[in-house]
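# What the coordinates show
Residue-level listing of the chains:
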Amino acid sequence: QVQLVESGGGLVQAGGSLRLSCTTSGRTFSNYAMGWFRQAPGKEREFVASITRSGGSTYFADFVKGRFTISRDNAKNTVYLQMNSLKPEDTAVYYCAASLKFTFSYLASSYTGLADYNYWGQGTQVTVSS
């Protein structure tokens, strides 16, 4: 079992930045590929970004490419989501997730589905005002 705790959400004006953190405990962090998802009111949870175990590969949803970056610090058991140039449509609850899925490709693009992940955090609210 692994526990995930997100932090760093809040209220920001359009064009601003936030950095989300997700700290894990319970098992070896480097065993997991990590991802960020988000869910806006009345909408389904959607993929935002993923990163492989080593951090050597990252992948992003088209709607955040060029604005968001994902990184991890395996020594700190933490994955980050740096969000720049935020838009009101980025308003959502953001969730981090951990995956035990093995793929031969070693690419972060293999970790975009909800079913690819084994553990989820409780979420952190991000609100972007116009």
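See the structure shown above.
Remember, predicted model here, so these are calculated numbers, not experimental data. (Residues numbered from 1 in each chain as written. Predicted model: local features only at pLDDT ≥ 70, side-chain atom pairs only at ≥ 80, totals over all residues. Heavy atoms only, no water.)

Time to look at the pattern of salt bridges. A complete count under the given rule lists 5 salt bridges for this structure. In this structure, the salt-bridge partner of Asp-90 is Arg-38, at a minimum N-O distance of 2.9 Å. Taken together, the residues span a long stretch of sequence, with Asp-90 in the loop between β8 (78-83) and β9 (92-99) and Arg-38 in strand β4 (residues 33-39) at a distance of 52 residues. Looking at Arg-38, the relative accessible area reads 6%, which means it is buried. The shortest N-O distance in the salt bridge between Lys-101 and Asp-116 comes to 3.1 Å. One end of the pair, Lys-101, is in the loop between β9 and β10 (119-120); the other, Asp-116, is in the loop between β9 and β10, with 15 residues separating them in the sequence. Lys-101 sits in the partly exposed class, given a relative accessible area of 29%. Owing to a relative accessible area of 15%, Asp-116 belongs among the buried residues under this scheme. (Salt bridge = Lys/Arg side-chain N within 4 Å of Asp/Glu carboxyl O. Helix = DSSP H or I, 4+ residues; strand = E, 2+ residues; numbered from the N terminus. Buried < 20%, exposed > 50% of the residue type's maximum accessible area, 1.4 Å probe, protein only.)

Moving on, we get to unusual backbone geometry. Backbone geometry places Asn-77, a non-glycine residue, at a positive phi of 55°. Even without being a glycine, Ser-85 presents a positive backbone phi close to 50°. Position of Ser-85 relative to the elements: it lies in the loop between β8 and β9. A relative accessible area of 41% places Ser-85 in the partly exposed class.

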